[in-house]
Amino acid sequence: MDELDITRVGDLRLIYRPKTNDKIIINEILNDDIYRLRSMRTDKNVNILDIGSHIGIFSLASRLTFPKANIVGYELDEENYILSLVNNGLNNGNIRFFNKAIVPPKSSDILPSGRIKHAARNRGSFALLYGNTVDDGLNIEYFDNLLDKYYYILKMDIEGGEFPILENIDVETLANHIGYFIIEFHNDFVKKTGYKPKKFKSSRQVVKEISKYFDILQCILYSPVLQIYVFKNKHLG
């Protein structure tokens, strides 16, 4: 594991890796509120699902904003997962984290067959490779298995894995289970992994489909490759 340091942001104490992008991510989520969490405040007991939970920053920010929420995070990288547990403990977050990759529904004809490193400074930035066999070394959970409840917020940041998932799930089904949908699009996924899309070749096509059921609350276009969207279900008003 890389060199570690500790920082304090408001009421949170966080362990992070100074030589990585951790501090940038902390600042974007907690100080800049790039996901617009503060605009989603509610006193209700809601469910929040964090797919690609990294070192736990979004989940902990959600805990500050939604004290009564049931929050669950999934993270593929073991080092990130361990740090998320540490940060959760430091802040009494009462968040459940799982060291698993979220993959398309089991009924789809693509299977997670391995993974490829995505970015040097972004630890745990792995993109899944898809093929005809399952890599036994991957600990996975099928996305459709998570849709057994309604999530007030679903955040998805999985280094391009959003495309295979969204190609194999009906967007109307998402709308029936999600209030706010936060997603990071990685448009270099096809080029880096060789994945052959059946439906969506770019984030533009995905956004067009999602917009049938969701309004765009926030859009950050870092580059043609990396984009962040925050969607609000039209039924929320």
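One can find the structure itself at the top, above this paragraph.
Notes on the structure follow. Quick caveat, the model's predicted, so the values are computed rather than measured. Starting afresh in each chain, residues are numbered from 1 along the sequence in its written order. Residue-level local features of this predicted model are given only where pLDDT is at least 70; pairs of side-chain atoms are given and counted only at 80 or more, and the full residue set underlies all totals for whole chains, interfaces and linings. Processing note: side-chain calculations cover all non-hydrogen atoms of the structure and skip hydrogens and water entirely.

A look at the overall build of the chain
For clarity, the threshold we go by: A run of DSSP states H or I qualifies as a helix once it reaches four residues; a run of E qualifies as a strand once it reaches two. Both are numbered from the N-terminal end. Only the C-alpha atoms count toward the radius of gyration. The rule for a globule is 2.2 Å times the residue count to the power 0.38. Relative accessibility decides the category of a residue: with a 1.4 Å probe and only protein chains considered, values under 20% of the type maximum give buried, values over 50% give exposed, and everything between is partly exposed. Charged-residue counts in this description rest on Lys and Arg as positive and Asp and Glu as negative, His and the chain ends being excluded. Here the site of a charge means NZ on Lys, CZ on Arg, CG on Asp, or CD on Glu.
Helix and strand counts for the chain stand at seven helices and 13 strands. What you see for the chain is a C-alpha radius of gyration of 17 Å, in line with the 18 Å of a compact globule of 237 residues. With the C-alpha coordinates of the chain rotated into their principal frame, the extents come out at 45 × 45 × 35 Å. Within the chain, the fraction of its 237 residues that count as buried is 55%. Considering the chain, the positive charge centre built from 31 side chains and the negative charge centre built from 30 side chains are found 3 Å apart.

Topic: helix H1 (residues 22–31)
Put simply, the rule is: The contact criterion used is simple: two residues touch if any of their non-hydrogen atoms lie within 4.5 Å.
If you check which residues of H1 are buried, you get Asp22, Ile26, Glu28, Ile29 and Leu30. Each element contacted by the buried residues of H1 is listed here: strand S1 (5–9), strand S2 (12–16) and helix H2 (57–65). Immediately downstream of H1, the backbone of Asp33 shows phi near 50 degrees, a positive value.

Concerning the environment of Asn27
Here Asn27 lies in helix H1. Spatially, the C-alpha atoms of Asn27 and Ile57 are 9.7 Å apart, while their sequence positions differ by 30 residues.

Overview of the nonpolar core
Test applied: Each nonpolar core is a collection of buried residues, namely Ala, Val, Leu, Ile, Met, Phe, Trp, Tyr and Cys, held together in the definition by side-chain atoms within 4.5 Å.
Counting residues in each nonpolar core, the largest one holds 41 residues, and the members touching the most others are Ile51, Phe143, Met156, Leu166 and Phe181. Broken down by element, this core gets its largest block of residues, four residues, from strand S11 (residues 178–186). When sequence neighbours within four positions are dropped, the list of residues in contact with Ile51 reads Tyr74, Ile102, Phe143, Leu146, Leu154, Lys155, Met156, Asp157 and Ile158. If you look at the next biggest cluster of nonpolar residues, it comprises 32 residues, including Ile26, Ile48, Ile57 and Ile220.

A few points about the packing of aromatic side chains
Stated formally: Centre distance within 6.5 Å is the pairing criterion for rings of Phe, Tyr and Trp, where only the six-membered ring of Trp is used; planes under 30 degrees apart are then read as stacked, over 60 as edge-to-face, and the remainder as tilted.
A complete count under the given rule lists eleven aromatic pairs for this structure. An angle of 75 degrees between the planes, with centres 5.9 Å apart, marks the rings of Phe66 and Tyr152 as edge-to-face. A residue pair is termed long-range when its members are at least 10 positions apart, and Phe66 in the loop between H2 and strand S4 (70–74) and Tyr152 in strand S10 (residues 151–156) qualify at 86 residues. We classify Phe66 as buried; its relative accessible area is 0%.

Side note on the packing of H1 against H2
Which entries qualify depends on this criterion: Axis definition: a line fitted to C-alpha atoms, limited for helices to the stretch in contact. Angles are taken between N-to-C directions and run from 0 to 180 degrees. Roughly parallel refers to an angle under 35 degrees, roughly antiparallel to one over 145, roughly perpendicular to one between 65 and 115, and oblique to any angle outside these ranges. Helix crossings fall into two classes, left-handed where the near helix is turned counterclockwise from the far one by less than a right angle and right-handed where it is turned clockwise. Each residue gets one of three labels, nonpolar for Ala, Val, Leu, Ile, Met, Phe, Trp, Tyr, Cys and Pro, charged for Asp, Glu, Lys and Arg, and polar for the others, Gly among them.
The N-to-C vectors of H1 and H2 enclose an angle of 25 degrees; their axes lie 10 Å apart at closest approach. As summarised for this structure, H1 and H2 are arranged roughly parallel, according to the angle between their axes. For the element pair H1 and H2, the recorded crossing hand is right-handed. Contacts between H1 and H2 involve Ile26, Ile29 and Leu30 on the former and, on the latter, Ile57, Phe58 and Ala61. For the contact of H1 with H2, the per-class residue count stands at six nonpolar, no polar and no charged.

Observations regarding the environment of Phe66
Spatially, the C-alpha atom of Phe66 lies 25 Å from that of Glu162, the residues being 96 residues apart in sequence. Aside from chain neighbours lying at most four places away, what touches Phe66 is Leu37, Met40, Arg41, Thr42, Ile48, Tyr152 and Ile153.

Observations regarding the environment of Val86
You can see Val86 is positioned in helix H3 (residues 78–90). As for Val86 and Gly56, which are separated by 30 residues in sequence, their C-alpha atoms are 9.0 Å apart.

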